[in-house]
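# Observations on the model geometry
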Amino acid sequence: MLKKLFILLFLVAIYAPLTAQNEDYARKILKTLCSPEFHGRGYAFGGDSLAAEYLCEEFKLLGIKPIMQPFALTANVFDKDAYIVAGKDTLKAGRDFVVYPANQSVNCNIKFSKDFRKSDSMQVADITLFAVDKLPPQGIADHQNKSAKFYVSKALIHNKKRASIHLDAQLKHGYITHNIIGIIPGETDTFKVITGHYDHVGTLGRDAYFPGAHDNASGTAMVMDLAREFANMSPQHYSLAFILFSGEELGLFGSYYYTRNPYFPLSKIKTLINLDMLGSGDEGIMVVNGSVLKDEFDFLVNINNTNNYVPIIQSRGEAANSDHYFFYKKGVKSLYIYTLGTYKEYHNIYDRAEIIPMPAYNGIFNLVKDFVTDF
Ligand SMILES: [Zn+2]
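Please read all numbers here as calculations on a predicted model, not as lab measurements. (Residues numbered from 1 in each chain as written. Predicted model: local features only at pLDDT ≥ 70, side-chain atom pairs only at ≥ 80, totals over all residues.)

Let's shift gears to the sheet that holds strand β17 (residues 313–316). Strand order in the open sheet made by the eight strands is β1-β10-β14-β11-β15-β18-β16-β17, with mixed pairing throughout. The sheet is open, and its two edges are formed by β1 (67–77) and β17, each paired on a single side. For this sheet, the mean angle separating the axes of adjacent strands, direction not counted, is 20°. Summarising the sheet, strand β16 (residues 285–288) and strand β18 (residues 334–339) pair through four bridges and their orientation is antiparallel. Bridge pairing in β18 places Val 287 opposite Ile 337. (Pairing = 2+ DSSP bridges. Helix = DSSP H or I, 4+ residues; strand = E, 2+ residues; numbered from the N terminus. Axes fitted to C-alpha atoms, helices over the stretch in contact; angles between N-to-C directions.)

Now the structure itself:
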């Protein structure tokens, strides 16, 4: 009995650190990507390049030689002034207001009409102010309009008579960003591919940045974690490719470019799993294309039925909502996994590494690992 207890304690002792280790590694990657030094991984202050360099260094530490694939994009960037003075209060970007991503620069004073107190919006020339109870998610655009829209917390402007608005918007043309590809050769030249995007929406002015822990430092961290896992295993039958895209938030630009300029033929991809938004998961996961790619989806569900990795696996049809899409359109069997549940911070300044729960992290990690190994 005592001996059995010792064996049990020994197993607990070696097993617990092993499971924690993966999440610790992922959390380290996630925390770094979400830190202020990476400026929200957009195109202000070279945030995307800094993130790309960091991820390449991490690939090297795993013994995987990273390939950087450059491509050009156009991005509207807010990297200088972004503030509103309403009455005597200075409203803070991100916390008190957000902007329409295609805004042009604005420097003006607005006197609020009497009706503004009673309504939810006000327009003066090309500028529209929306008074909102909850700020909408901040996006990023690849163009600039000849107008500007601001979403401001109602409580901070409805009792004011005037405001001065300051926003510097810079449309950067021909900005060079990078996809990152890490390859682990297997016994054949057919690939299993795991993808995620590392870019996010960047900054709103000099001070506010969007950490993007959920979208998609979480998925990036798992891609790296899986690369680390397979790098430490003996070679698989299939070759493995880990691809981290840029330009996703602008409209899937990185994966679009990659599918037109692949490093190995797309016809050589057996399956692709895209990971984007893994911060939640207490209510399970959604598999995009699960209802069209039956064999792949059933295999995932069987793995989960045997191991109880995640609470529930739901499926839906095709959707152009992440980087699996253009692969799928080119005939690659591509699934996209995102989490379901209570964590909802999204494209705001509060989506931080410190608070993201990732309750299903280990479950999804094991699910994807088993799928890649066994399918
Ligand atoms: Zn995303």
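There's more to say after this.
So, on to the sheet that holds strand β8 (residues 148–153). Adjacent strands of a sheet pair through backbone hydrogen bonds, lying either parallel or antiparallel. Taken in spatial order, the four strands of this open sheet run β4-β8-β7-β6, and their pairing is mixed. At either end of the open sheet lies a strand with only one pairing partner, and these are β4 (97–99) and β6 (121–124). Strand-to-strand twist in this sheet, taken as the mean axis angle between neighbours without regard to direction, amounts to 20°. With four bridges joining them, β6 and strand β7 (residues 127–132) adopt antiparallel strand pairing. Among the inter-strand pairings, Val 124 is bridged to a residue of β7, identified as Ile 127.

Here we take up the packing of helix α6 (residues 294–307) against helix α8 (residues 361–374). At their nearest, the axes of α6 and α8 sit 10 Å apart, and the two run at 125° to each other. Considered as vectors, α6 and α8 are oriented oblique to each other. Here α6 and α8 pass one another in a crossing that is right-handed. Facing α6, whose interface residues are Phe 299, Leu 300, Ile 303, Asn 304 and Asn 307, α8 presents Asn 366, Leu 367, Asp 370 and Phe 371. For the contact of α6 with α8, the per-class residue count stands at five nonpolar, three polar and one charged. (Parallel < 35°, antiparallel > 145°, perpendicular 65-115°, else oblique. Left-handed = near helix turned anticlockwise from the far one by under 90°. Contact = placed C-beta atoms within 7 Å. Nonpolar A, V, L, I, M, F, W, Y, C, P; charged D, E, K, R; others polar.)

In this structure, Val 152 and Ile 364 are the most contacted members of the largest nonpolar core, which totals 112 residues. Ranked by residues supplied to this core, first place goes to helix α4 (residues 213–231) with nine residues. Each of domain 1 (24–76 + 172–374) and domain 2 (81–167) accounts for three or more of the residues forming this core. If we skip the residues at most four places from it in the chain, Val 152 touches Ile 84, Leu 91, Asp 96, Phe 97, Leu 129, Phe 130, Ala 131, Val 132 and Ile 157. (Core = buried A, V, L, I, M, F, W, Y, C linked by C-beta atoms within 7 Å. Buried ≥ 20, exposed ≤ 12 C-beta atoms within 10 Å, placed from the backbone. Domains from an automatic or database assignment.)

With 10 bridges joining them, β1 and strand β10 (residues 170–184) adopt antiparallel strand pairing. Pairing of Met 68 across the sheet is with Ile 180, part of β10. Summarising the sheet, β10 and strand β14 (residues 239–245) pair through five bridges and their orientation is antiparallel. Within β14, the position partnered with Ile 181 by the bridge is Ile 243.

Quick look at the packing of α4 against α8 now. Contact pair α4 / α8: the axes reach a minimum separation of 11 Å and the direction vectors enclose 50°. The angle between α4 and α8 places the two elements in the oblique class. Crossing handedness for the pair α4 and α8: right-handed. Packed against α4, whose contacting residues are Met 222, Asp 225, Leu 226 and Glu 229, the element α8 presents Ile 364, Phe 365, Val 368 and Lys 369 at the interface.

Let's shift gears to the domain arrangement of the chain. Split into domains, the chain comes out as domain 1 (24–76 + 172–374) and domain 2 (81–167). Put simply, the middle of domain 1 and the middle of domain 2, counted by C-alpha atoms, are 34 Å apart. At the interface, 19 residues of domain 1 touch 20 residues of domain 2. Considering only residue class, the side of domain 1 that touches domain 2 consists of nine nonpolar, eight polar and two charged.

So, on to the environment of Ser 267. When you line up the elements, Ser 267 lands in the loop between α5 (253–260) and β15 (269–275). Taking the C-alpha atoms as reference points, Ser 267 and Ala 231, separated by 36 residues in sequence, lie 24 Å from one another.

For the rest of this paragraph, the subject is α6. Given 3.6 residues per turn, any residue in an α-helix points the same way as the ones three and four places further on. Compared with an ideal rise of 1.5 Å per residue, which puts 14 residues at 20 Å, α6 spans 20 Å between its outermost C-alpha atoms and is within 8% of the ideal. Here the buried face of α6 lies against β15, β16, β17, β18 and α8. Positive backbone phi, approximately 50°, marks Asn 308, located one or two places after α6. (Expected span 1.5 Å × (residues − 1).)

This next bit is on unusual backbone geometry. Omega for the peptide link from Asp 215 to Asn 216 comes to 5°, which places this bond in the cis form. Relative to the helices and strands, Asn 216 is located in helix α4. Even without glycine at this site, His 39 takes up a positive phi of about 50°. Within the secondary structure, His 39 sits in the loop between α1 (2–33) and α2 (47–61). Among the residues examined, His 39 registers 23 C-beta atoms within 10 Å and is labelled buried. A positive phi angle, near 50°, is found at Arg 41, a position not held by glycine. Structurally, the position occupied by Arg 41 is in the loop between α1 and α2. When the 30 C-beta atoms within 10 Å are taken as the criterion, Arg 41 is described as buried.

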